[in-house]
Amino acid sequence: MCQYARSMLRKGFTSVAMRDGDFLYSYMLWFEDQVGNNLAAPRNLGSMVTSRLPGILAGNFYKDLVRQCFRGAPQGSIHCYELLCLHVGIVPTHFVGKQARRLASQLWDQSGANSPFSLI
């Protein structure tokens, strides 16, 4: 699923849902500023994914992606987040996005940090 999701990222998609048997996989990538406001991904995101897709060590990929997407932003002011979830297949796809956002919020609240862990 990770490989498929990242290949879709190369095509410009920031979210993907895929059913496989009894499961529904979802993938989301999003950007936030320093205060946690969501930032819209550029429309030509697929053309910006020029470096190799990330493997185990992915910091450079996300730094490059943020730098290419938000050229005028000071370094460190934009954060990139990625979430991959596995759902039971009976969950309707329209609930998946809401569920993932709620999960991310709860994980950040439980961590006790002021902001979530950035990929870069």
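Residue numbers restart at each chain and count upward from 1, following the sequence in its written direction. Two thresholds apply to this predicted model, a pLDDT of at least 70 for residue-level local features and 80 or more for giving and counting side-chain atom pairs, whereas whole-chain, interface and lining totals are computed over all residues. Note that the side-chain values use all heavy atoms of the structure and ignore hydrogens as well as water.

## Thoughts on the overall build of the protein
Here is step 1 of the chain: Runs of H or I in DSSP of at least four residues are treated as helices and runs of E of at least two as strands, each being numbered from the N terminus. Assigned secondary structure in the protein consists of 4 helices and 4 strands.
Here is step 2 of the chain: For the protein, the proportion of its 120 residues judged to be buried stands at 35%.
Here is step 3 of the chain: Residue contacts are defined here by distance: any two heavy atoms, one from each residue, within 4.5 Å place the two residues in contact. The contacts in the protein between residues at least 6 apart in sequence include a share of 65% that link residues at least 24 apart.
Here is step 4 of the chain: Computed with the Shrake-Rupley method and a 1.4 Å probe, the accessible areas treat only the protein chains shown as cover for residues. For the protein, the accessible surface area stands at approximately 7,900 Å², while carbon and sulfur atoms represent 53% of it. When a residue's accessible area, from a 1.4 Å probe over protein chains only, is under 20% of the maximum for its type it is buried; when over 50% it is exposed; and in between it is partly exposed.

## Remarks on helix α1 (residues 2–10)
Here is step 1 of the chain: Regarding α1, the residues found buried are Ala 5, Arg 6, Met 8 and Leu 9. For α1, the arc enclosing every buried residue in end-on projection is 155 degrees, short of the 170-degree limit, so these residues lie on one face.
Here is step 2 of the chain: Looking one or two residues past α1, Gly 12 carries a phi angle of roughly 105 degrees, positive in sign. Throughout, the arc means the angular range of directions from the helix axis out to the C-beta atoms.

## Here we look at the packing of aromatic side chains
Here is step 1 of the chain: Each pair of aromatic rings taken from Phe, Tyr and Trp, with Trp reduced to its six-membered ring, is defined by centres within 6.5 Å and is described as stacked if the planes are under 30 degrees apart, edge-to-face if over 60, and tilted in the remaining cases. Tallied over the entire structure, the rule returns 2 aromatic pairs.
Here is step 2 of the chain: Plain terms: the ring middles of Phe 31 and Phe 70 are 5.2 Å apart, the flat faces sit at 70 degrees to each other, and that makes the pair edge-to-face. With Phe 31 in strand β2 (residues 23–33) and Phe 70 in the loop between α3 (59–69) and β4 (78–88), this residue pair connects regions lying 39 residues apart in the sequence. Neither Phe 31 nor Phe 70 differs from the other in exposure class; each is buried.

## Observations regarding the confidence of the model for the protein
Here is step 1 of the chain: In predicted models, pLDDT denotes the confidence assigned by the predictor to each residue on a 0 to 100 scale. When pLDDT is averaged along the protein, the result is 79; 82% of the residues meet or exceed 70.
Here is step 2 of the chain: Confidence scores differ between elements of the protein, with helix α2 (residues 45–48) showing the lowest mean pLDDT of 73 and β2 the highest of 89.

## Quick word on the pattern of salt bridges
Here is step 1 of the chain: Salt bridges are defined by distance alone: a side-chain nitrogen of Lys or Arg within 4 Å of a carboxyl oxygen of Asp or Glu. On inspection of all chains with the given rule, the structure shows 1 salt bridge.
Here is step 2 of the chain: Close ionic contact of Asp 64 with Arg 67 constitutes a salt bridge, the shortest N to O distance being 2.9 Å. You can see Asp 64 and its partner Arg 67 sitting in helix α3, 3 residues apart, about one turn around the helix.
Here is step 3 of the chain: In this structure Asp 64 comes out as partly exposed when scored by relative accessible area, which is 24%.
Here is step 4 of the chain: Assessed through its relative accessible area of 48%, Arg 67 is described here as partly exposed.

## Examining the pairing of β2
Each regular strand displays side chains that alternate between the two surfaces of the sheet.
Here is step 1 of the chain: The element β2 is extensively covered by neighbouring structure, given that 9 of its 11 residues are classed as buried.
Here is step 2 of the chain: Across 6 bridges, strand β1 (residues 15–20) lies against β2 in antiparallel orientation. Within β2, the residue paired with Val 16 across the bridge is Tyr 27.
Here is step 3 of the chain: Sheet topology places β2 next to β4; 11 bridges connect them, and they run antiparallel. The partner of Phe 31 across the bridge, within β4, is Cys 80.
Here is step 4 of the chain: Judged from the 2 bridges that link them, β2 and strand β3 (residues 38–39) form a sheet pairing that is antiparallel. Across the sheet, Glu 32 pairs through a bridge with Asn 38, a residue of β3.
Here is step 5 of the chain: Taking the residues that link successive antiparallel strands as the turn, the β2-β3 hairpin has 4 residues, and the phi of Gly 36 there is positive, at about 95 degrees. Pairing between strands is defined by DSSP: at least two bridges between them are needed.

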